[in-house]
Amino acid sequence: MSQKNWLGFNKTALAAAAALVAVMPAMAQTVVKDADTTADDGAPRAKEDKVRLGTITIVGSGGKLAAGQMLNEDGAKSRSTVTREAIDKDRASGNPYQALALLPGVNTFNYDATGLFGGGLTVRGFGADQMGMIINGVPVNDSGNFAVYPQEYADQENLCTQSLAQGTPDVDSPNGGATGGNITVTSCDPEDKQRFRVSQGFGQLRYTRSFVRYDTGRFFNDSAKVFVSLSHTEADKWKGAGQAKKDHLDAAFRWDLNQDNTILGSVLYNRAINNNINSISLAQIKANGYYYDFSTSFPGHLTPGAGAQDESKIAPSPAYYKLANNPFENAVVSMSGSFKLAQDTYLKVQPYLWYGFGNGGVQQTTLKENGGFLNPATNTVSASKDLNGDGDTADTIIVARGSVTRTSRPGVTTEVNSQQGNHFLKLGLWYERANHRQTQPAVTVDNSGNPASVWLNNGYITRPDGSRYQGRDWQSISTSYQLYANDAWSFADDKGLLTLGFRAPTVKRDVKNAANEGVPVDYRFEKSYSDFLPQVGVRYQLTSSQQVFLNVAKNFRAPPNFAFTGSNVNVVGQQAALAREAKAETSINTDLGYRFQTRDISLSATLFNVNFKDRQANAFDWEQQKSTYMNVGKVKTHGLELEVGSGTFKGFSAYGSLTLQKSEVQNDLSIARVNVAPTGQTPVYQQLYLPTKGNKMTLTPDMILAGSVQYTYGPFYARLKVKRTGTQQATLMNDEEVPAYWVGDVDAGYNFGNVSDWVKNVQLRLNVSNIGNASYRNPSSGTVTNAQPYSATVGGVKYTQNASTVFYYLGAPRFVSMNLSADF
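Residues numbered from 1 in each chain as written. Predicted model: local features only at pLDDT ≥ 70, side-chain atom pairs only at ≥ 80, totals over all residues. Heavy atoms only, no water.

Turning to the overall build of the protein chain, a few remarks are in order. When helices and strands are counted, the protein chain shows four helices and 51 strands. The C-alpha atoms of the protein chain give a radius of gyration of 28 Å, which matches the 28 Å a tight globule of 824 residues would have. Dimensions of the protein chain along its principal axes, counting C-alpha atoms only, are 90 × 70 × 55 Å. A burial count over the protein chain gives 57% of its 824 residues as buried. Sequence separation of 24 or more characterises 68% of the internal contacts of the protein chain that already satisfy a separation of 6 or more. Taken as a whole, the protein chain presents about 32100 Å² of accessible surface, with 55% of it coming from carbon and sulfur. Of the charged side chains in the protein chain, 77 are positive and 72 negative, and the gap between their average positions amounts to 3 Å. (Helix = DSSP H or I, 4+ residues; strand = E, 2+ residues; numbered from the N terminus. Rg over C-alpha atoms; globule rule 2.2 N^0.38 Å. Buried < 20%, exposed > 50% of the residue type's maximum accessible area, 1.4 Å probe, protein only. Contact = heavy atoms within 4.5 Å. Areas by Shrake-Rupley, 256 points an atom, 1.4 Å probe, with all protein chains shown as cover. Lys, Arg positive; Asp, Glu negative; His and termini not counted. Charge placed at Lys NZ, Arg CZ, Asp CG, Glu CD.)

Printed below as a string of structure tokens:
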């Protein structure tokens, strides 16, 4: 970014913030004529959950502000929340990325309109794998690489709040991989009264969704209540052949032992089998069109016989759609207890278990019979086996091979909190031990292109000695723990709030590789990462309706487990050593904000600055002479986030958000070392860099504008949502730009009320996604260095860095669905 542009942006952002601070008091004087600014009676306000750790509850009615898209806040840092009143109007099959899409800072996209196939998200330039994802107080980021799979966790019908802490994770956030904030999703408690709800959805692309939920109502002297729900959802892909199928179970209970002691519990189980949607390049779009996807035909196997049968020559390209699957099942089980220890002093305990099993990506590949198998006796890939039964080992056969992951992840968070005068104190400890098993078996494929098992757990390809073929064989034990403490001091007759806190996370990686066809050596690496992360925040109430706040915090992300595998490991003979040890990422996040809050209008404006250090990525390693996972430098991002919501006026309510941001890469990127000595002389090496310094960070739009308008009239509602995502960069060299795009959605519904004594609350909902049928694209990854060849002369020697291909997920076309529900 040029100095001129940088200064220009700062002047614009600061001027906007100054204007807001100057204008809002005057606006307040205008609004006060029609609104009560001394109180926000009935306006929804965020409050810390008294039982669950790291979650919030709502005081007031979530639908009375911004149609459920916003809550009034009193904290000393930036946070945005979507409530049940907005979530209920979304398509029921949706996922959290879709629910959060309108919030400030959020750059998100989904692979389809239903939400069944997942999607991507960045906030302030940080990817989802750099943010904590918390479901009912449980961390659900992948314990190995911190990835998030938003379609797997919960049914939207059962959720009460979905919150985003931009920039800074909560002090009690249980994760060791969050440099960019956290997302918190919380289920609703069971209903107080007995209820049986049935819902049926249908739409284009053979979309169907069946949902049932039973609430017991209060029992056991009104101290307990339970709900259980089941759903089945399926839909075809919007391009190419294939579909998604999802079965989901949610269950929860609440047991109020007495007014001071409560236990909550929940089980979230998901089982899905999806055919993947292909990400494609600009060249593929130009040559094959917008709907280009995986192949829809399979040639069958070559007839076994004498001589070499090379099926790599007939293998479909792109891969056959039945060999590009994402089957996965997972369960999130948690229990939360709050127990009174003394006057105004409570113990919170939250044990949990996260379990997951499945695979993904493209399974289609070929195996060579000759010398393609591990010989365990010598730990070399030199063994041969006849795979097609023709009596020789000269063939190359199409098989299904994929990366299978099985994770068992128990943990517990314990906290003691106490109100001591004007101080609210908390001290807590989080502990987790994740057993992350990653293998890569191969299974047979029949003549119709069907794998022996979509889960890759049957029909195994085996070695000559009968053991299973494995393209990888890793076990990662990740032990994480974190001590945290916080003091929230209320001063000046509760006008002021000062928060002082810290997190002290430790993540220990214990990674074992068992000899396999990918790396035929046994090895083990152990490495611990820890840091001290202070947080300081202050909020001051200028008037009954106006606040200012400031927050500064340090964040941390340990390297993923794959930093100890693949090209990051040097193997010499039977010895393995790390090519380079990556350091943990850190960031310093600063928020300076202003809030104007009444029951009729609420506004929040935040100036933010992020100093991101030791960014982890694959880059050329000068010493190792290859690409390794390493720390590649710094990124600075600064900007303005604004959100505003209204109450309901003559049936109308509105919400809007604006994000203006500038990101700047602070370092050039190492790509090679070049011998500049004349031929025949002693080599003299110089390092070659890609000139990325001053460029914009990938997947960080300069501007994001979003809004919604809702109209209600009696039992009818209609809502329009619109979002503009500004231009963003697809590569670190900024040589391929992603165009800006607009997307609009329409939702409407009618409540028929009670149609009989036993059929009640009958509702019909309509959801239309991408109503303008916009075509747009988003990069599948933000790690591509250059889309165009780059040449440089070093010491008289010309070197060319070849281009890398950027692959995109394309915007799904207009999609219409309806849903009918009733209570019994």
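After that view of the structure, there is still more to cover.
Evaluation of the coordinates by the stated rule reveals one disulfide. Between the sulfur of C160 and that of C188 lies a disulfide, 2.0 Å long from S to S. Between C160 and C188 the sulfur-sulfur dihedral comes to about 115°; the bridge is accordingly right-handed. Of the two residues, C160 sits in strand β9 (residues 159-166) while C188 sits in the loop between β11 (181-187) and β12 (195-203), which places them 28 residues apart along the sequence. (Disulfide = S-S within 2.5 Å.)

By size, the foremost hydrophobic cluster in this structure holds 55 residues, and its most contacted members are M133, V140 and I183. By residue number, the principal contributor to this core is strand β39 (residues 669-675), which donates four residues. Formed by 22 residues, the second largest nonpolar core is a distinct cluster that contains A113, A235, A730 and V784. (Core = buried A, V, L, I, M, F, W, Y, C linked by side-chain atoms within 4.5 Å.)

A few words now on the sheet that holds strand β5 (residues 119-123). Strand pairs in the sheet, formed through backbone hydrogen bonds, run parallel or antiparallel to each other. Taken together, three strands build an open sheet; the order of strands is β4-β5-β6 and the sheet is antiparallel. With one partner strand each, in any of the chains shown, β4 (106-110) and β6 (126-127) form the two edges of the open sheet. Inspection of the sheet shows β4 paired to β5 by five bridges, in the antiparallel sense. Considered in β5, the bridge of N107 is made with T122. (Pairing = 2+ DSSP bridges.)

Another point: unusual backbone geometry. When glycine is set aside, most residues are seen to have a negative phi, and most peptide bonds are trans. The omega torsion across S317 and P318 is 0°, close enough to zero to call that bond cis. You can see P318 is positioned in the loop between α4 (282-288) and β17 (325-342). Non-glycine residue D222 carries a positive phi angle of around 65°. Look at N761: it is not a glycine, yet its phi comes out positive at around 50°. With respect to the element layout, N761 can be found in strand β46 (residues 760-769).

Turning to its location among the elements, V755 is positioned in the loop between β45 (741-753) and β46. Residue classification places V755 among the exposed residues on the basis of a relative accessible area of 54%. In sequence terms V755 and Q419 are 336 residues apart; their C-alpha atoms lie 50 Å from each other.

Summarising the element assignment, P559 is placed in the loop between β30 (546-557) and β31 (569-572). Along the chain, P559 and S708 lie 149 residues apart, while their C-alpha atoms are 39 Å from each other. When residues no more than four places from it in sequence are discounted, the contact partners of P559 are F146, R509, Y529, A582, K583, A584 and Q616.

This next bit is on the packing of aromatic side chains. Tallying each qualifying case throughout the model produces 22 aromatic pairs. Here the aromatic residues F109, Y111 and Y809 are joined through ring pairs into a cluster of three or more. Its guanidinium or amino end placed over the ring of Y717, K89 lies 5.2 Å from that ring's centre, counting from NZ or CZ. Sitting over the face of the ring of F608, R124 holds its NZ or CZ atom 4.1 Å from the ring centroid. (Phe/Tyr/Trp six-rings, centres within 6.5 Å; stacked < 30°, edge-to-face > 60°. Lys NZ or Arg CZ within 6 Å of the ring centre and 35° of its normal.)

Under the definition given, this model contains 39 salt bridges. E641 is the salt-bridge partner of R124, the closest N and O atoms lying 2.9 Å from each other. Taken together, the positions of R124 in the loop between β5 and β6 and E641 in strand β37 (residues 635-646) put the pair 517 residues apart, joining distant regions of the chain. The class for R124 is buried, based on a relative accessible area of 2%. Judged by relative accessible area, E641 falls into the buried class, the value being 3%. Close ionic contact of R719 with D747 constitutes a salt bridge, the shortest N to O distance being 2.8 Å. Highlighted residues: R719 in strand β42 (residues 716-725) and D747 in strand β45, separated in sequence by 28 residues. (Salt bridge = Lys/Arg side-chain N within 4 Å of Asp/Glu carboxyl O.)

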